[in-house]
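# Commentary on secondary and tertiary structure
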Amino acid sequence: MKKVGRNGAILLLACLALTGLWEALAHRSRYPFRPFEITASDFASFAPRLKGWEVGPVCGIEEDLEPGMHLFSLRLRGARAAHAAGAPEFVVRLTYGFNVPMCMKYKGYAVQEMANNLETERTQVWRFASPDGFRSIWVTSLLRAGDLARTDTDVRAMAFPRVNVCEDPSWVPRGLTADVFRRPVYEIRNFLRMRWNESRCDLLAFLKLRRPAGASDELLGFIACSTGRSVGPGEEEQVRRELEVVMQNVHRQLAAWRAGRE
């Protein structure tokens with residue numbers, strides 16, 4: 001009996017020590033992320049000029065098409081005949097590095113990679129379709145923060161945000177309510193799905209033993225996308241080509257602007 005009691009005490013102390021360690025690591029993981037060293041103010045003086053285009057700041061763009069974390073955003077309206085009334089507008093922006101297709105998947109968009117030019121142009125081309133059928137074309141690239149040179153890193157390698165499945169858009173977390181007891185399987189499944197997505201599909205982050213991966217300010221996202229109206233299947237190639245040309249021109253001016261500040 002004494003041996004059983006001693007083993008029980010040892011087991012209890014081990015559980016208490018494990019619980020204390022877990023609480024300490026969980027408390028540490030709640031610390032805020034370090035501040036970004038690069039901010040939007042660093043790009044306040046960047047003002048590109050593109051022949052044949054009207055360039056202005058972004059305003060009034062739908063939230064679903066414009067994830068945050070902008071270092072700068074530009075709206076481009078074509079002044080050429082090819083961009084007559086009803087043609088899509090373009091947005092070019094620089095962001096902290098994040099997983100663009102996963103972000104859009106998280107928002108409920110259908111995601112399809114149209115081209116992968118990482119070995120040549122250092123770009124990837126995407127088609128995003130919203131649940132209501134709005135189609136947009138995006139060209140993405142990752143830049144080194146130091147000299148803003150393009151890299152051959154796949155944007156899907158970025159950890160933020162990394163999701164496993166799209167969340168149920170009709171589900172809103174409300175804590176412990178009567179709905180939990182009426183539909184326990186549904187509520188618990190959606191809660192765990194939300195927690196798993198928030199952890200970036202990282203088991204230790206899911207268990208709150210470390211912070212989930214945040215956006216990067218070492219690799220920056222450089223993005224050009226169509227907006228304004230949905231892009232039809234017959235015009236996707238034209239829109240893609242024009243986006244790539246615009247992106248190249250803005251990047252050339254961006255690199256020259258950065259070199260002139262060193």
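As the structure is a prediction and not an experimental result, all values here were calculated from the model. (Residues numbered from 1 in each chain as written. Predicted model: local features only at pLDDT ≥ 70, side-chain atom pairs only at ≥ 80, totals over all residues. Heavy atoms only, no water.)

## Quick word on the overall build of the protein chain
When its secondary structure is counted, the protein chain shows six helices and seven strands. Seen in sequence order, the protein chain has helices and strands lined up from the N terminus as α-β-β-β-α-β-β-β-α-α-α-β-α. A total of 262 residues make up the protein chain; the buried ones form 39% of that total. Across the protein chain, the fraction of contacts at a sequence separation of at least 24, relative to all contacts at a separation of at least 6, is 69%. In the form shown here, the protein chain has an accessible surface area of approximately 14,800 Å², with 58% of it arising from carbon and sulfur atoms. (Helix = DSSP H or I, 4+ residues; strand = E, 2+ residues; numbered from the N terminus. Buried < 20%, exposed > 50% of the residue type's maximum accessible area, 1.4 Å probe, protein only. Contact = heavy atoms within 4.5 Å. Areas by Shrake-Rupley, 256 points an atom, 1.4 Å probe, with all protein chains shown as cover.)

## Looking at a nonpolar patch on the surface
Side chains of Ile188, Phe191 and Leu192 sit close together on the surface and give an oily, nonpolar patch of about 260 Å² of accessible area. As for its position among the elements, Ile188 is in helix 4 (residues 184-198). A residue is classified by how much of its surface remains accessible, and Ile188, at 47% relative accessible area, is partly exposed. (Patch = residues over 30% accessible without salt bridge, like charges linked within 9 Å, V, L, I, M, F, W, Y side chains within 5 Å. Salt bridge = Lys/Arg side-chain N within 4 Å of Asp/Glu carboxyl O.)

## With respect to the pattern of salt bridges
Side-chain pairing between opposite charges can occur once the charged atoms of the two side chains come close. Under the definition given, this model contains nine salt bridges. A salt bridge links Arg75 to Glu89, with the shortest nitrogen-to-oxygen separation between them at 2.4 Å. Separated by 14 residues along the polypeptide, Arg75 in strand 2 (residues 70-78) and Glu89 in strand 3 (residues 89-97) bring together distant segments of the chain. Between Arg240 and Glu237 there is a salt bridge, with the nearest N and O atoms lying 2.6 Å from each other. Remark: Glu237 and Arg240 occur in helix 6 (residues 236-260); sequence separation between them is three residues, near one turn of the helix. On the accessibility criterion, Arg240 (16% relative accessible area) is buried. Classification of Glu237 by relative accessible area gives partly exposed; the value is 38%. Connected through shared salt-bridge partners, Glu113, Asp154 and Arg156 make up one network.

## Some remarks on unusual backbone geometry
Here the amide bond leading from Phe160 into Pro161 is cis, since omega sits at -15°, within 30 degrees of zero. Among the secondary structure elements, Pro161 is positioned in the loop between strand 6 (135-144) and helix 3 (178-182). The phi dihedral of Arg122 falls on the positive side, at around 60°, and the residue is not glycine. Summarising the element assignment, Arg122 is placed in the loop between strand 4 (110-117) and strand 5 (123-129).

## Things to note about the side chain of Ser136
Inspection of the secondary structure puts Ser136 in strand 6. A relative accessible area of 0% places Ser136 in the buried class. There is a polar contact of 3.0 Å between the side chain of Ser136 and the side chain of Trp138. (Polar contact = N/O pair within 3.5 Å; in protein donor to acceptor, adjacent residues only side chain to side chain.)

## Some details on the packing of aromatic side chains
A full pass over the atoms with the stated rule returns nine aromatic pairs. Each ring, one from Trp126 and one from Phe128, has its centre 6.4 Å from the other, and the planes form 15°; the classification is stacked. You can call Trp126 buried: its relative accessible area is 2%. Residue classification places Phe128 among the buried residues on the basis of a relative accessible area of 0%. Arg195 extends its terminal NZ or CZ atom over the ring of Phe206, reaching a point 5.1 Å from the ring centre. (Phe/Tyr/Trp six-rings, centres within 6.5 Å; stacked < 30°, edge-to-face > 60°. Lys NZ or Arg CZ within 6 Å of the ring centre and 35° of its normal.)

## As for the pairing of strand 4
Working note: regular strand, side chains alternate between the two faces of the sheet. Here seven bridges tie strand 4 to strand 5, and the two strands are oriented antiparallel to one another. If you follow Asn117 over to strand 5, its bridge partner there is Thr123. In this antiparallel pair of consecutive strands, strand 4 and strand 5, the connection spans five residues, and Arg122 shows a positive phi of 60°. (Pairing = 2+ DSSP bridges.)

## Topic: helix 4
In a regular helix each residue adds 1.5 Å, so 15 residues correspond to 21 Å; helix 4 covers 21 Å between its end C-alpha atoms and thus fits that length. Residues of helix 4 that are buried include every one of Tyr186, Glu187, Asn190, Met194, Arg195 and Asn197, and no others. An end-on view of helix 4 places all buried positions within 165° of arc, on one side of the element. (Expected span 1.5 Å × (residues − 1). Arc of directions from axis to C-beta.)

## Observations concerning the confidence of the model for the protein chain
Looking at the protein chain, pLDDT values average 80 and 73% of them are 70 or higher. Taken element by element, the predicted model of the protein chain shows its lowest mean pLDDT in helix 3 (63) and its highest in strand 5 (97). Scored below 50 in pLDDT, residues 60-67 shows 24 contacts in the model against residues more than four places distant or in partner chains. (pLDDT = per-residue confidence, 0-100.)

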